[in-house]
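# Observations on chain architecture
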Amino acid sequence: MADDKCARTITWIGGTHTFNLNHPWVRRVLSWRGIPGPGGSSISAIWGRFEANNYSANDVERVMEFGLLGGGTPEREVKRLLDAHVRGKPLAPNVLIASEVLAACYFGDASAST
């Protein structure tokens, strides 16, 4: 996954992890069920909610969940991380992470030169 320009390696309270919403499995799951919310469930709709500051705790949690799964974190570890650092916790720190993971889908690798 190191060559996927939509992947981001991010250090947060849970450690350093790769997040990737562009992984084929994640794209397939999101195309089937998305992340429900106002305005739709696609990545574009979710990005719009974040841009409008109209996201929900569920949006933040699901973006981080799918990003971690797409980045290669085992499902059991994803559950542990979300339980410890996302679910029922203040939104602001995790909104920043989820926003960056979503932005990677549109802008690619932030450190890549053009």
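Right above here is the structure, for reference.
Let me begin by describing the structure that accompanies this report. For every chain, the first residue of the written sequence is number 1, and numbering continues from 1 along that sequence. Owing to the predicted nature of the model, reporting of local features is limited to residues with pLDDT of at least 70; listing and counting of side-chain atom pairs is limited to 80 or more, with chain, interface and lining totals taken over all residues. Excluded from the side-chain calculation are hydrogens and water; included are all heavy atoms of the structure.

## As for the overall build of the protein
Helix and strand content of the protein: five helices and two strands. Helix and strand definitions follow DSSP, with helices as H or I runs of at least four residues and strands as E runs of at least two, each counted in order from the N terminus. For the protein, the sequential pattern of α-helices and β-strands runs β-β-α-α-α-α-α. A simple rule labels every residue: compare its accessible area, found with a 1.4 Å probe on the protein chains alone, to the largest value its type can have, and call it buried under 20%, exposed over 50%, or partly exposed in between. Within the protein, the proportion of its 114 residues that are buried is 42%. By definition in these notes, contact holds between two residues if any of their heavy atoms fall within 4.5 Å. Long-range pairs, those at least 24 residues apart, make up 61% of the contacts in the protein between residues at least 6 apart in sequence. In the structure as shown, the protein presents an accessible area of about 6300 Å², 54% of it carried by carbon and sulfur atoms. Residue exposure ignores everything except the shown protein chains as possible cover, and the areas themselves are Shrake-Rupley values with a 1.4 Å probe.

## Structural notes on the pairing of strand β2 (residues 15-19)
When DSSP finds two or more bridges between two strands, those strands count as paired. Alignment of strand β1 (residues 8-12) against β2, held across five bridges, turns out to be antiparallel. Pairing of Trp 12 across the sheet is with Gly 15, part of β2. Between the antiparallel neighbours β1 and β2 lie two residues.

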